[in-house]
Amino acid sequence: MKASVGDHILVHGAHVDDAEREGEVLEIRGEGGAPPYLVRWSNGSQGLVFPGPGAEIRSAP
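No experiment lies behind these values; they were computed from the predicted model shown.

Caption draft 1: Up close: the sheet that holds strand β2 (residues 21-28). A sheet is described by the order of its strands in space; here five strands give the open sequence β4-β3-β2-β1-β5, paired in antiparallel fashion. Both edges of this open sheet fall to β4 (46-49) and β5 (55-58), since each of them pairs with a single strand only. Across this sheet, the average inter-strand angle for adjacent strands is 35°, counted without regard to direction.

Caption draft 2: Inspection of the pattern of salt bridges at higher detail. All chains considered together, the criterion is met by three salt bridges. Here E24 makes a salt bridge to R40, at a shortest N to O gap of 3.6 Å. In this pair, E24 is assigned in strand β2 and R40 in strand β3 (residues 37-41), connecting sequence segments 16 residues apart. Between E27 and R29 there is a salt bridge; the shortest N-O distance is 2.6 Å.

Caption draft 3: A look at the nonpolar core. Membership of the largest hydrophobic core is limited to eight residues, which are A3, I9, V25, Y37, V39, W41, V49 and A55. If near-sequence neighbours (up to four positions away) are discounted, V39 is found in contact with I9, G23, E24, L26, S45, Q46, G47 and V49.

Caption draft 4: View of the environment of M1. Checked against the element boundaries, M1 lands in the segment before β1 (8-11). A C-alpha to C-alpha distance of 7.4 Å links M1 and P35, two positions 34 residues apart in sequence. The residues contacting M1, other than those within four sequence positions of it, are G33, A34, P35, Y37, P51, A55, E56 and I57.

Caption draft 5: Representation of the environment of V5 within the structure. As for its position among the elements, V5 is in the segment before β1. Using a relative accessible area of 55% as the deciding quantity, one classes V5 as exposed. Between the alpha carbons of V5 and I28 there is a distance of 6.8 Å; along the sequence they are 23 residues apart.

Reading the values: rules and limits
- Residues numbered from 1 in each chain as written.
- Predicted model: local features only at pLDDT ≥ 70, side-chain atom pairs only at ≥ 80, totals over all residues.
- Heavy atoms only, no water.
- Pairing = 2+ DSSP bridges.
- Helix = DSSP H or I, 4+ residues; strand = E, 2+ residues; numbered from the N terminus.
- Axes fitted to C-alpha atoms, helices over the stretch in contact; angles between N-to-C directions.
- Salt bridge = Lys/Arg side-chain N within 4 Å of Asp/Glu carboxyl O.
- Core = buried A, V, L, I, M, F, W, Y, C linked by side-chain atoms within 4.5 Å.
- Buried < 20%, exposed > 50% of the residue type's maximum accessible area, 1.4 Å probe, protein only.
- Contact = heavy atoms within 4.5 Å.

Structure representation (structure tokens):
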């Protein structure tokens, strides 16, 4: 998985009733666009993310 600053990350819920999370990639900490990513989530919180198989990157518009 590779991302750029400004891309959005969408993390799908692992279970039926789990909510999806969406956030904006603020910083790339890996080499060549690789994780981990510093993400600002839609609720305003920020965190370091190592995306798993239930995540996808959407390019910035």
